[in-house]
Amino acid sequence: MSEVKLSAETRTEFGKGAARRIRRADKVPGVLYGHGSDPLHLTFPGHDLLLALRTPNVLISLDIDGKSNELAIPKSVQRDPLKGFLEHVDLLLVKRGEKVNVEIPVVTEGELAAGGNLLEHVLNALPVEAEATHIPEQVTVSVEGLEAGASVLAKDIALPNGVTLAVDEDAVVLQVLAAQAEEAPEGAEAEGEGEAATEA
């Protein structure tokens, strides 16, 4: 798992106006919390933070005001719904060797059985418990040859050493749906239109 170094500054201004000024300076307001300590309000360099957050559950080594070094993982990221830029980030303070609960992306490989079946991601991310400094970036699941009605449960997914499920082992992660015939609904719609025209 990669570790990214980021510098951060403590901030004393709060509210929407202060947040707008921070973002105009290409910085992102955020909060660091955890281990029973008071939340620490910080400002991060916008571009560097954006690059770091491209990796799910990235481990961030924070240099705060050039004085203290802390390890953290992202817990909540708010983005502008239209433009996509970072608005605010919450980071969770962690220590080496500590176990944390995170969600890791589920990636599939292979082809379903022939027949135009559809693969549904019931869970896009798998809740697990892992050591803070050894969080897997993703889990890969083979769906090769799966037919309609087949499903992949949480317990079916191979996890790296030291990583355990933080969800019911019988929880459905993926399922294969039968291809639906599209002709019937179209015919029904046509009948409905005909009835409407007759009533008119």
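Attention in this report is confined to the structure presented alongside it.

What counts, and where the lines are drawn
Residues numbered from 1 in each chain as written. Predicted model: local features only at pLDDT ≥ 70, side-chain atom pairs only at ≥ 80, totals over all residues. Heavy atoms only, no water. Pairing = 2+ DSSP bridges. Helix = DSSP H or I, 4+ residues; strand = E, 2+ residues; numbered from the N terminus. Core = buried A, V, L, I, M, F, W, Y, C linked by side-chain atoms within 4.5 Å. Buried < 20%, exposed > 50% of the residue type's maximum accessible area, 1.4 Å probe, protein only. Contact = heavy atoms within 4.5 Å. Salt bridge = Lys/Arg side-chain N within 4 Å of Asp/Glu carboxyl O. Axes fitted to C-alpha atoms, helices over the stretch in contact; angles between N-to-C directions. Arc of directions from axis to C-beta.

1. Brief notes about the pairing of strand β3 (residues 37-45)
In step 1: Bridging between strand β1 (residues 3-10) and β3 involves 2 bridges; their strand directions are antiparallel. Along β3, the bridge assignment pairs Thr10 with Leu42.
In step 2: Hairpin geometry of strand β2 (residues 27-34) and β3 is characterised by an intervening segment of 2 residues between the two adjacent antiparallel strands and by a positive phi of about 60° at His35.

2. Some points on the nonpolar core
In step 1: Grouped together as the largest cluster of nonpolar side chains are 23 residues, with contacts concentrated most on Ile73, Val94 and Leu126.
In step 2: Contributing elements (two or more residues each) for this core: β5 (68-79), β6 (86-94), β7 (99-109), β9 (125-131), β10 (139-142) and β13 (172-177).
In step 3: Examining the composition of this core, we find that 4 residues originate from one element, β7, more than from any other.
In step 4: With near-sequence residues (within four places) excluded, Val94 lies in contact with His35, Leu59, Leu71, Ala72, Ile73, Val100 and Ala132.
In step 5: Ile60, Leu62, Ile64 and Val89 belong to the second-largest nonpolar core, a separate cluster that totals 17 residues.

3. A word on the pattern of salt bridges
In step 1: Summed over the entire model, instances satisfying the criterion amount to 3 salt bridges.
In step 2: We note a salt bridge from Glu3 to Arg96, for which the minimum N-O separation is 3.3 Å. Of this pair, Glu3 sits in strand β1 while Arg96 sits in the loop between β6 and β7; the two residues are 93 residues apart in sequence, bridging distant segments of the chain.
In step 3: Among the ionic pairs, Glu9 bridges to Lys27, the shortest N-O distance being 3.5 Å. Of the two residues, Glu9 sits in strand β1 while Lys27 sits in strand β2, which places them 18 residues apart along the sequence.

4. Some points on the sheet that holds β1
Across a sheet, strands are paired by hydrogen bonds formed along the backbone, either parallel or antiparallel in direction.
In step 1: Spatially, the 6 strands close up into a barrel ordered β1-β3-β2-β6-β5-β4, and their pairing is mixed. Geometrically, the sheet is characterised by an average inter-axis angle of 45° between neighbouring strands, direction not taken into account.
In step 2: When β5 meets β6, the two strands line up antiparallel, connected through 8 bridges. Bridged to Pro74 within β6 is Leu91.
In step 3: Here helix α1 (residues 16-24) sits on the sheet in contact with β2, β3 and β6, set at roughly 115° to β2.

5. Description of unusual backbone geometry
In step 1: One non-glycine residue, Asp26, lies in the positive phi region at around 60°.
In step 2: Inspection of the secondary structure puts Asp26 in the loop between α1 and β2.
In step 3: Of note, the phi angle at Asp65 is positive, near 55°, even though the residue is not glycine.
In step 4: Position of Asp65 relative to the elements: it lies in the loop between β4 (59-64) and β5.

6. What to know about α1
In step 1: Those residues of α1 that fall on the buried side of the exposure criterion are Ala18, Ala19 and Ile22. In an axial view of α1, the angular spread of the buried residues amounts to 100°, which keeps them on one side of the axis. Counted as exposed and oriented over 90 degrees from the buried face of α1: Lys16 and Arg24.
In step 2: Here the buried face of α1 lies against β2 and β3.
In step 3: In the segment just after α1, Asp26 is the residue with positive phi, at about 60°.

These values are about where atoms sit, not about what they do.
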